[in-house]
Amino acid sequence: MSSLSATVKLHNGVEIPWVGLGVYKVEEGQQIEDTIASALKIGYRSIDTAAFYQNEEGVGRAIRNSNLNREDIFVTTKVWNTDQGYENTLKAFDKSLKKLGLDYVDLYLIHWPVPGKYKETWKAIEEIYEKGKARAIGVSNFQIHHLEDLLADVNIKPMVNQVEFHPQIFQKDLLDFCKQQNIQMEAWSPLARGQYLDDPTLLEIGKKYNKTAAQVILRWDYQHGVISIPKSTKPHRQDENADIFDFSLTDEEMEKINGLHQNKRTGKHPDEMDYGL
Ligand code: NDP
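Residues numbered from 1 in each chain as written. Predicted model: local features only at pLDDT ≥ 70, side-chain atom pairs only at ≥ 80, totals over all residues. Heavy atoms only, no water.

Novice: With reference to specific residues and values, describe the site of the ligand.
Specialist: The ligand sits among 29 residues. The nearest are Asp 48, Ser 189, Arg 193, Ser 232 and Lys 234. With respect to the ligand, the side chain of Asn 241 contributes an N or O atom lying 2.9 Å from a nitrogen atom. Relative to its free-state accessible area of 910 Å², the ligand is covered by the protein chains to the extent of 89%. Mapping the ligand onto the cavity grids shows that it belongs to the largest pocket. Broken down by element, the shell around the ligand gets its largest block of residues, three residues, from helix H9 (residues 235-242). (Near = heavy atom within 4 Å. Polar contact = N/O pair within 3.5 Å; in protein donor to acceptor, adjacent residues only side chain to side chain. Areas by Shrake-Rupley, 256 points an atom, 1.4 Å probe, with all protein chains shown as cover. 1 Å grid on protein atoms, 1.4 Å probe; cavity = no way out; pocket = protein on both sides within 12 Å on 5 of 7 lines; lining within 4 Å. Sits in = over half its atoms within 2 Å of the grid points. Helix = DSSP H or I, 4+ residues; strand = E, 2+ residues; numbered from the N terminus.)

Novice: Any details on the layout of surface pockets? Residues and values, ideally.
Specialist: Rolled over the atoms, a probe as big as a water molecule pinpoints where empty space is left. For the largest pocket, the calculated volume is near 780 Å³. Residues of the lining of the largest pocket, tallied by class, amount to 14 nonpolar, twelve polar and eight charged. (Points joined across faces, edges and corners; volume = space filled by probe spheres on them. Nonpolar A, V, L, I, M, F, W, Y, C, P; charged D, E, K, R; others polar.)

Novice: How would you explain the side chain of Ser 96 if you had to name every residue and give the values?
Specialist: As for its placement among the helices and strands, Ser 96 is situated in helix H3 (residues 86-100). Leave out the neighbours within four places in its chain, and Ser 96 touches Ala 51, Glu 56 and Thr 77. (Contact = heavy atoms within 4.5 Å.)

Novice: Residues and numbers for the sheet that holds strand E10 (residues 227-228), please.
Specialist: A sheet is described by the order of its strands in space; here eight strands give the open sequence E3-E4-E5-E6-E7-E8-E9-E10, paired in parallel fashion. The open sheet is flanked by strand E3 (21-22) and E10, the only strands paired with a single partner. (Pairing = 2+ DSSP bridges.)

Novice: For the pattern of salt bridges, give the residues involved together with the corresponding values.
Specialist: Following the criterion strictly, the structure yields twelve salt bridges and no others. The closest approach of N and O atoms between Lys 78 and Asp 48, which form a salt bridge, is 2.6 Å. Placement of the pair is Lys 78 in strand E5 (residues 74-79) and Asp 48 in strand E4 (residues 46-48), with a sequence separation of 30 residues. Each member of the pair Lys 78 and Asp 48 is classed as buried. One salt bridge connects Glu 127 with Lys 131, and the closest N-O pair in it is separated by 3.6 Å. The class of Glu 127 is partly exposed, set by a relative accessible area of 24%. (Salt bridge = Lys/Arg side-chain N within 4 Å of Asp/Glu carboxyl O. Buried < 20%, exposed > 50% of the residue type's maximum accessible area, 1.4 Å probe, protein only.)

Novice: Give a detailed account of the packing of helix H1 (residues 30-42) against helix H2 (residues 56-65), specifying residues and quantitative values.
Specialist: Contact geometry for H1 and H2: axes closest at 9 Å, N-to-C directions at 45°. As the angle between them shows, H1 and H2 are arranged oblique. Helix-helix and strand crossings are classified by hand; for H1 and H2 the assignment is right-handed. Within the contact between the two elements, H1 uses Ile 32, Glu 33, Ile 36 and Leu 40 and H2 uses Gly 58, Val 59, Arg 61, Ala 62 and Asn 65. Tallied by class, the residues present in the contact of H1 with H2 amount to five nonpolar, two polar and two charged. (Axes fitted to C-alpha atoms, helices over the stretch in contact; angles between N-to-C directions. Parallel < 35°, antiparallel > 145°, perpendicular 65-115°, else oblique. Left-handed = near helix turned anticlockwise from the far one by under 90°.)

Novice: Residues and numbers for the environment of Ile 128, please.
Specialist: In this structure, Ile 128 sits in helix H4 (residues 118-130). Residue Ile 128 is classed as buried on the basis of its relative accessible area, which comes to 4%. When sequence neighbours within four positions are dropped, the list of residues in contact with Ile 128 reads Leu 90, Phe 93, Tyr 108, Lys 133 and Ala 134.

If you want it as structure tokens, here you go:
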């Protein structure tokens, strides 16, 4: 495991890179094109977008403008809350595919567990998978109770659960549950949007390896078996965030970082989200 092309196998055998590029809040137009162009040049092979980010068209353009083969890039997108339900999800998926200008996506996710809707949404997503239009399917922001509820009814188990995950919100029980169920965890806002990159524990550990706090966090994710998708529009930070495969945290250091947990989120708790219902 020594590069951005290092992958993990999902339960259906599809491989996904351990580190990808998140593109939330990257503007449609020149910014998204430049951001993805530099990331691909550095070696990123996974891009995480969503209908909600309103930059799927730019993601598609950037992929076409690169000299890479479509099958060498792993593209994730997500169905937004107001598009959930069986029929709406099928429509939303087609819209995303059209905007991306692709024939298929690599991973399609339910963005948030909209109460009373996500099971119907999942049925549509299973159908999309069975038609070969998404190579893998999964959920996002699902807590254990959502997963238990969904798993009771599925034909196809989600392959991924993408949740807020960084040292201040170390969701250990959820991680253990996903591991038991063979559902791959993926960390969103892995850097907590840069909010505590001056943390003394992270800096101290980083000093030993000549790594930054961001690199220490992303390495901690990797050693926990969690995929991360840090976002940066800046090439030097994209480079930094990718450079985590040449050092290893000790068990003691992992424990110290686990100890930074404060149950503190940068985003909404899935059970407190305003779903507009
Ligand atoms: P991140 O934790 O990835 O942090 C991004 C912020 O940190 C940006 O402001 C970036 O600024 C800055 N940054 C990036 N790298 C560094 C670095 N090495 N040193 C210092 N600052 C840095 O936050 P996101 O919320 O963007 O999460 C990542 C991705 O996760 C999203 O882009 C999206 O794809 C996904 N996501 C999914 C959600 C879901 O509900 N499923 C919710 C939220 C995010 P700059 O760009 O200027 O470098």
